[in-house]
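Examining the three-dimensional arrangement
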2 protein chains.
Amino acid sequence: MEDKIEIFKALSDKSRLLILDMLSCGELCACDIIKGLDLTQPTISHHMKILKSSGLVNGHKKGKWMIYSINEEVVNEVLDFIKHITTYKEECICNRVKKNSCCDK
Amino acid sequence: MEDKIEIFKALSDKSRLLILDMLSCGELCACDIIKGLDLTQPTISHHMKILKSSGLVNGHKKGKWMIYSINEEVVNEVLDFIKHITTYKEECICNRVKKNSCCDK
DNA sequence: CCATTATATTAGTATATATGAATATTAGAA
DNA sequence: TTCTAATATTCATATATACTAATATAATGG
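Sequence order as written defines the numbering, with residues in each chain counted from 1. The naming scheme follows written order: chains are lettered A onward, ligands numbered 1 onward. This being a predicted model, a pLDDT of at least 70 is required before a residue's local features are given, and a value of 80 or more before pairs of side-chain atoms are given or counted; all residues contribute to the totals for chains, interfaces and linings. Derived side-chain values reflect all non-hydrogen atoms in the structure, with water molecules and hydrogen atoms excluded from consideration.

1. Considering the protein's contact with DNA strand C
Around DNA strand C lies a shell of 25 residues, among which Arg16, Thr43 and His47 of chain A together with Cys31 and Gln41 of chain B are the nearest. Residues are labelled near a given molecule or strand when at least one of their non-hydrogen atoms is within 4 Å of it. The protein-proximal atoms of DNA strand C, defined as those within 4 Å of the protein, are 68% sugar or phosphate. At 3.0 Å from a phosphate oxygen of DNA strand C is found a side-chain nitrogen or oxygen belonging to Tyr68 of chain B. To qualify as a helix, a DSSP run of H or I must reach at least 4 residues; to qualify as a strand, a run of E must reach at least 2; elements of each kind are numbered from the N terminus. Of all the secondary-structure elements, those providing two or more residues to the surface near DNA strand C are α2 (14-23) and α4 (41-54) of chain A together with α3 (30-36), α4 (41-54) and β3 (65-70) of chain B. Classification convention: Asp, Glu, Lys, Arg as charged; Ala, Val, Leu, Ile, Met, Phe, Trp, Tyr, Cys, Pro as nonpolar; all other residues, Gly among them, as polar. When the residues that make up the surface near DNA strand C are grouped by side-chain class, the tally is 10 nonpolar, eight polar and seven charged. Polar contacts, as counted here, are pairs of nitrogen or oxygen atoms within 3.5 Å of one another; within protein the pair requires one atom able to donate a hydrogen and one able to accept it, and residues that are adjacent in sequence qualify only if both atoms are side-chain atoms.

2. Let's talk about the nonpolar core
Buried residues of nine kinds, namely Ala, Val, Leu, Ile, Met, Phe, Trp, Tyr and Cys, make up a nonpolar core once their side-chain atoms join them within 4.5 Å. Under the scheme applied here, a residue whose accessible area is under 20% of the maximum for its type counts as buried, over 50% as exposed, and between as partly exposed, the area being computed with a 1.4 Å probe on protein chains only. Core analysis: the largest hydrophobic core is formed by 64 residues, its most contacted members being Phe8, Ile33 and Leu56 of chain A together with Phe8, Ile33 and Leu56 of chain B. Any two residues whose heavy atoms approach within 4.5 Å are treated as being in contact. If near-sequence neighbours (up to four positions away) are discounted, Ile33 of chain B is found in contact with Ile19, Met22, Leu23, Leu28, Ile44, Met48 and Tyr68 of chain B.

3. A word on the protein's contact with DNA strand D
In the vicinity of DNA strand D there are 24 residues, among which Cys31 and Gln41 of chain A together with Arg16, Thr43 and His47 of chain B approach most closely. In this structure, Cys31 of chain A approaches DNA strand D through a main-chain N or O atom, which is 3.0 Å from a phosphate oxygen. Contact distances for DNA strand D include 2.6 Å between a phosphate oxygen and a side-chain N or O atom of Thr43 of chain B. Elements represented by at least two residues in the surface near DNA strand D include exactly α3 (30-36), α4 and β3 (65-70) of chain A together with α4 of chain B. Broken down by element, the residue count for the surface near DNA strand D peaks at five residues, all from α4 of chain B.

4. Considerations on the pairing of β3 of chain A
All names here are of chain A. Burial analysis of β3 places five of its six residues in the buried class, the great majority of the element. Pairing between strands is defined by DSSP: at least two bridges between the two strands are required. As defined by bridge partners, strand β1 (residues 28-29) adjoins β3 across two bridges and the pair is classed as antiparallel. Paired with Leu28 across the bridge in β3 is Tyr68. Direction of pairing for strand β2 (residues 57-62) relative to β3: antiparallel, over a ladder of six bridges. Directly across from Lys61, in β3, lies its bridge partner Met66.

And the structure:
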């Protein structure tokens, strides 16, 4: 669950959502990402670090450039996680708390 | 997009994810949610406010109880949003920045 | 009305995060 | 090696957030 929290934190920022949107068409180098956003290079670097450490984005060096791309596997994991915590399942904390409820709803 | 950021912020907390998980089996009153988590009542109230203002959770009064439930429509909107920003689409910022790229990837 | 129960708000504190300026590192080119 | 370009890190600051204690509000029952 902690890894999902890190992903949601990564998604909780407009600049990072724009970066993901830019990467949706394919890999980009950091310099191209900088061109698409009105932020300084250190700030973009900071955002890329957060996106990478969350797992949402892959990065590899190619010469002096850093090439970034979306990690679709992790994206699918997030989608599955959201579906899982929001839909009915037999084993859940709620079964415990519903017994001896203070109200009958 | 700002509304989605608010949703991701709401999802970026372990207590709130547990609350969503609890609500996945159906509506609960605040008192039952308190029983399921090791937090004080004001803290739970704070989390419910964030979940409600993000839209992920509905709340209505029934007598002296507050009954909370998941807003499935909003959950589906988040799922669609994540899919949208992470998958290929014709119109995107990336098309602009890819022209005159500083590197050939 | 008064007492009790359920929930919300306020105030204060501690921690986290976004940002840019300055600087460091890394890699290719001259 | 020296210069330049691309990216990362450090440092400082401003804003946001999680939490609790204390208090306030709301609803029901006596």
